[in-house]
Amino acid sequence: MAEPRVVVITGASAGVGRATAVAFAREGARVALLARGHAGLEAAKADVDAAGGQALVVPTDVSDPDAVEAAAAQVEAAFGPIDVWVNNAMTSVFSPVSQMTPAEFKRVTEVTYLGYVYGTLAALTRMRPRDRGVIVQVGSALAYRSIPLQSAYCAAKHAIVGFTDSLRSELLHDQSNIRITAVHLPALNTPQFEWVRSRLPRKAQPVPPIFQPEVAADAIVWASRNRRRELFVASPTFAAVLGQKLIPGLLDRYLSTAGYAGQQTLEPAAPRADNLDAPLDETRDYGAHGRFDGRSTSRSPALWLSENRRPLLAVVGLAGLGLAAARRRRR
């Protein structure tokens with residue numbers, strides 16, 4: 001039997017990272033959980049163990065490159081060579097640009113962009129001598145089409161694409177067997193809307209349609225096993241990328257109104273703490289899901305079509321050949 005894969009996931013204590021840890025655990029992986037919140041990490045470890053995997057908790061702030069490097073060393077000392085590194089940690093601020101502070105832009109960039117860079121560097125340091133391994137960058141539709149009120153987050157996601165494309169070309173130049181892929185996500189029902197700093201007049205929400213984090217987790221696991229440059233999860237992500245290529249100006253105007261209403265519920269916002277600079281209540285586990293279960297779907301036909309495009313194209317090709325042969329016989 002094959003050895004269990006060793007997987008590192010940043011931002012593993014909640015949301016997409018938490019769901020992804022469980023998805024890898026179901027295939028028996030050894031999963032290293034990197035995040036800041038201790039309660040969430042311990043709960044994630046229990047989930048991984050219950051799903052059939054083996055978990056290692058490594059409290060880490062990904063904005064600190066030394067901490068990320070130390071975490072990678074700790075993982076390999078405990079579990080052995082890292083097979084898959086998933087960069088997923090994020091933070092954001094819901095706010096107009098005019099109300100953002102330089103410190104907020106800096107913090108979001110350090111976590112959501114530079115955290116990916118530091119994780120990638122730590123993974124490459126260990127994967128290059130072995131000439132194998134997979135790095136998965138968890139991206140977003142917002143990496144291609146920015147929306148209002150999340151300028152820092154959108155900029156960070158755009159930067160990840162630029163960094164990843166550059167590195168991918170270098171790996172090809174070096175004829176490296178290390179593979180890097182990006183999985184771009186739609187709106188998801190995660191707890192981030194409860195802890196992200198917000199200046200919105202109403203409570204924040206993911207822009208509908210909303211998908212459960214397990215949809216993203218399944219896509220990430222699939223991407224870790226299949227060669228795909230980028231994987232766009234769900235039809236809204238496809239639409240955002242295509243729309244930006246074809247009608248960016250029209251989208252600017254559309255989002256100038258819809259981008260405001262779509263990111264807010266009808267409930268007035270109330271003062272609350274946020275996790276931009278430090279984890280929230282260390283005794284609370286936020287889990288993988290947010291508060292939008294009733295409005296979220298667990299299926300993405302577009303993702304299934306994307307994952308199965310090769311066999312589907314083969315079937316369509318064979319059907320086409322059969323139709324052509326039938327027409328020739330009739331003639």
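Residues numbered from 1 in each chain as written. Predicted model: local features only at pLDDT ≥ 70, side-chain atom pairs only at ≥ 80, totals over all residues. Heavy atoms only, no water.

### Looking at the side chain of Ser224
Consideration 1: Within the secondary structure, Ser224 sits in helix α7 (residues 213-225).
Consideration 2: The buried category is assigned to Ser224, whose relative accessible area is 3%.
Consideration 3: At 3.1 Å, the side chain of Ser224 and the side chain of Arg5 are in polar contact.
Consideration 4: Here Ser224 is in contact with Arg5, Phe24, Val84, Val134, Val136 and Arg179, once residues within four sequence places are set aside. (Helix = DSSP H or I, 4+ residues; strand = E, 2+ residues; numbered from the N terminus. Buried < 20%, exposed > 50% of the residue type's maximum accessible area, 1.4 Å probe, protein only. Polar contact = N/O pair within 3.5 Å; in protein donor to acceptor, adjacent residues only side chain to side chain. Contact = heavy atoms within 4.5 Å.)

### Observations concerning the packing of aromatic side chains
Consideration 1: A full pass over the atoms with the stated rule returns five aromatic pairs.
Consideration 2: On the basis of an interplanar angle of 70° and a centroid distance of 5.9 Å, the ring pair of Tyr144 and Phe232 is categorised as edge-to-face. Here the residue Tyr144 occupies a position in the loop between β6 (134-140) and α5 (151-173), and Phe232 occupies one in strand β11 (residues 230-232), the gap between them amounting to 88 residues.
Consideration 3: Relative to Tyr286, the ring of Trp195 lies with its centre 5.1 Å away and its plane at 80°, an arrangement referred to as edge-to-face. Here Trp195 is found in helix α6 (residues 192-195), whereas its partner Tyr286 is found in the loop between β12 (264-268) and β13 (296-297), with 91 residues between them in sequence. (Phe/Tyr/Trp six-rings, centres within 6.5 Å; stacked < 30°, edge-to-face > 60°.)

### A few points about α7
Consideration 1: In this model α7 runs 19 Å from its N-terminal to its C-terminal C-alpha over 13 residues, within 8% of the 18 Å that 1.5 Å per residue would give.
Consideration 2: Judged by how many residues are buried, α7 sits mostly within the fold: ten of 13 residues are covered. (Expected span 1.5 Å × (residues − 1).)

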